[in-house]
Each structure stands twice: as structure tokens, then as C-alpha cells.
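Analysis of the macromolecular model
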Amino acid sequence: MKPILTLDKVSVHYGKLHAVQQVSFVIQPGERLCLIGANGAGKTSLLKAIAGLLPASGSMHTDSVAITRKPPHFVAAQGIALVPEGRGIFKQLSVLENLQLGAWLRKDTAAVQTDIDNILQQFPRLAERRHQRGGQLSGGEQQLLAIQRALLGKPRLLLLDEPSMGLAPVMVNAVFDSLEKACRQGVALLLVEQNARLALGFCQRGLVMESGRITLTGDSGSLLDNAQVQAAYLGL
Ligand code: ATP
């Protein structure tokens, strides 16, 4: 089986600042991979580069095509969806309109409607508020909406930037339950998460990023047992 995403020596610069430095890794179809690291390590920049929102050097490709320096709509069409930090929903549009936009690339209109109906059935809070503006939802509800909107595009790989940030524990559980469901249906994840324990508990494998570089990689169990990871990211 070919990796769903391969990164080879990917770098991102902001002027003279080398925010992502020669990062290489692969993600297998259906795999859950987390990326942990301190503030400013370069995690968001890397996700944005993969999604086509920032120019990057090096090479990035899916199992079939190169996505290096391709625009966001091209990357999305390869089945890669980004749920950005701060959710990135359209706050002025209704919940329903936000969901409909998630399916903008799909031609199977009837199936899209069925998928939206299923989401509304699964998340009654979104159903009750489907005609309200997205900006009126709570932070957790906006995060759920952002994830469901991304999933409506039927991605093969979901890039998630800090999905638990600022959420009450009950909403964190709801968000991760919805991710669990998506993963069981075969969606692969690249999860950036400040809560390293949560991320390593949810994913099979992890990468540690420091000052733009990947400094450690391994299966989640070995990273949870790693003294360096425990001291830096698990508060032990
Ligand atoms: P956080 O966890 O705080 O979101 P991060 O690991 O996602 O951090 P990035 O946001 O990717 O890190 O930032 C990496 C580096 O690039 C930091 O030094 C940051 O200050 C810098 N940076 C990020 N965005 C820009 C920008 N638009 N212009 C200039 N420098 C930037």
C-alpha cells in the first residue's frame, strides 16, 4: 500500500525565518498520526503548507500526484482537508450553509443531502441551530461544525489544527468521538494538538517538532514512555 501522503525535506520560510526545516515523514492510508511541539515549533505552518496555503520547498505528494506548490483547491481535490486552528467556519453563514460548502467539490447531490441529514441527526445541537449563523454557536459546536464540514468533502486525510483548544472537557469528548467515527470509516489523520496526552492516546504514532524540525518519532506508546516527552509535554 502506498502512503497517502509523503513529505520529503519540506521547508517553510517567512522572510528570513526558517519556520519548518527539512521535514520528512509519511502517512499511511487510515493512519492516525499526531504532531506535538511547543508554541512556535512550526506545526501550523507545516499543516498550512500541506494544504497549499503557504509556499513550501522540498516535495510533497499523495499516493498518485505531487501537491508541492499547488493551490488549496488542488490539494482539496486530492482528498486532503484542513480544519484550521480557530475552526475557520463562516460565521455569517448558517450552520446548514457551512455544511453545504463542505461538499462543494461533490457532484452526488442526493448523497450530499443524505450525509447532511445524517450529521444533523447525529448532532442535535447543530440540527436545532441549522438556520442560525455559525458565529452564534459555542466554541465546541463550531469545532464540531468545522470537522463535519470538512468530512462532507469525503477527504482521505484530515489535517486538524488544535481541535481541543479552548473547549470544555465534554465538548473535547464530543469532538474526539466524531473523529473516532471518521477514522473508523477509513479517514487518515494528521493531528496537531497541544494536549500531548490526548493526542498520543488517540493516534497510533507521533512526531515531536522543535524549532521547525522533527526531533523524535515513534509509536504513541514509546513516546508516552519517553522521558524527554514526559518532561517537555506531559508535565511529568
Ligand atoms: P502554536 O502552537 O503557537 O500555534 P506552531 O507550532 O503552530 O505554534 P507556527 O504558528 O507554525 O508554530 O509558527 C512557527 C514560527 O513561524 C514561529 O516562530 C512564528 O512566530 C512564525 N510565524 C508564523 N506565522 C507567521 C507569519 N505569518 N509571518 C511571520 N512569521 C510567522
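Residues numbered from 1 in each chain as written. Predicted model: local features only at pLDDT ≥ 70, side-chain atom pairs only at ≥ 80, totals over all residues. Heavy atoms only, no water.

1. Focus: the overall build of the protein chain
- Along the backbone of the protein chain there are ten helices and nine strands.
- What you see for the protein chain is a C-alpha radius of gyration of 17 Å, in line with the 18 Å of a compact globule of 236 residues.
- Counting only residues that meet the buried cut, the protein chain has 49% of its 236 residues in that class.
- Mean positive and mean negative side-chain charge positions of the protein chain (24 and 18 charges, respectively) differ by 6 Å. (Helix = DSSP H or I, 4+ residues; strand = E, 2+ residues; numbered from the N terminus. Rg over C-alpha atoms; globule rule 2.2 N^0.38 Å. Buried < 20%, exposed > 50% of the residue type's maximum accessible area, 1.4 Å probe, protein only. Lys, Arg positive; Asp, Glu negative; His and termini not counted. Charge placed at Lys NZ, Arg CZ, Asp CG, Glu CD.)

2. Comments concerning the packing of aromatic side chains
- Applying the stated rule across the entire model yields one aromatic pair.
- Both rings, one in Phe-176 and one in Phe-202, keep their centres 5.1 Å apart while their planes meet at 85°; by these two values the pair is edge-to-face. One end of the pair, Phe-176, is in helix H7 (residues 169-184); the other, Phe-202, is in helix H8 (residues 196-202), with 26 residues separating them in the sequence.
- Its relative accessible area of 6% is what places Phe-176 among the buried residues.
- You can call Phe-202 buried: its relative accessible area is 11%.
- In this structure, Arg-32 is placed above the aromatic ring of Phe-202, and the distance from its NZ or CZ to the ring centre is 4.6 Å.
- In this structure, Lys-70 is placed above the aromatic ring of Phe-74, and the distance from its NZ or CZ to the ring centre is 5.3 Å. (Phe/Tyr/Trp six-rings, centres within 6.5 Å; stacked < 30°, edge-to-face > 60°. Lys NZ or Arg CZ within 6 Å of the ring centre and 35° of its normal.)

3. Section: the sheet that holds strand S5 (residues 80-83)
- Spatially, the six strands line up as an open sheet ordered S5-S6-S7-S3-S8-S9, and their pairing is mixed. For this open sheet the edge positions go to S5 and strand S9 (213-219), each flanked by a neighbour on one side alone. Averaged over all pairs of adjacent strands, the angle between their axes in this sheet comes to 15°, without regard to strand direction.
- With four bridges joining them, strand S3 (residues 32-37) and strand S7 (residues 188-192) adopt parallel strand pairing. Residue pairing across strands places Leu-35 opposite Val-192, the latter belonging to S7.
- Across the face of the sheet, helix H1 (residues 43-50) comes into contact with S3, S5, strand S6 (157-161), S7 and strand S8 (205-210) while running at roughly 150° to S6.
- Where H7 meets the sheet, it contacts S3, S6 and S7, and its direction lies at approximately 150° from that of S7. (Pairing = 2+ DSSP bridges. Axes fitted to C-alpha atoms, helices over the stretch in contact; angles between N-to-C directions. Contact = heavy atoms within 4.5 Å.)

4. Details of the nonpolar core
- Within the largest apolar cluster, 46 residues are counted, with the highest numbers of intra-cluster contacts made by Leu-158 and Leu-179.
- The element that contributes the greatest number of residues to this core is helix H6 (residues 139-152), accounting for seven residues.
- Every residue in contact with Leu-179, bar those within four places of it in the chain, is listed here: Ile-147, Leu-158, Leu-160, Leu-189 and Phe-202.
- One finds Phe-25, Ala-41, Ala-49 and Leu-54 within the second-largest nonpolar core, a separate group that totals 30 residues. (Core = buried A, V, L, I, M, F, W, Y, C linked by side-chain atoms within 4.5 Å.)

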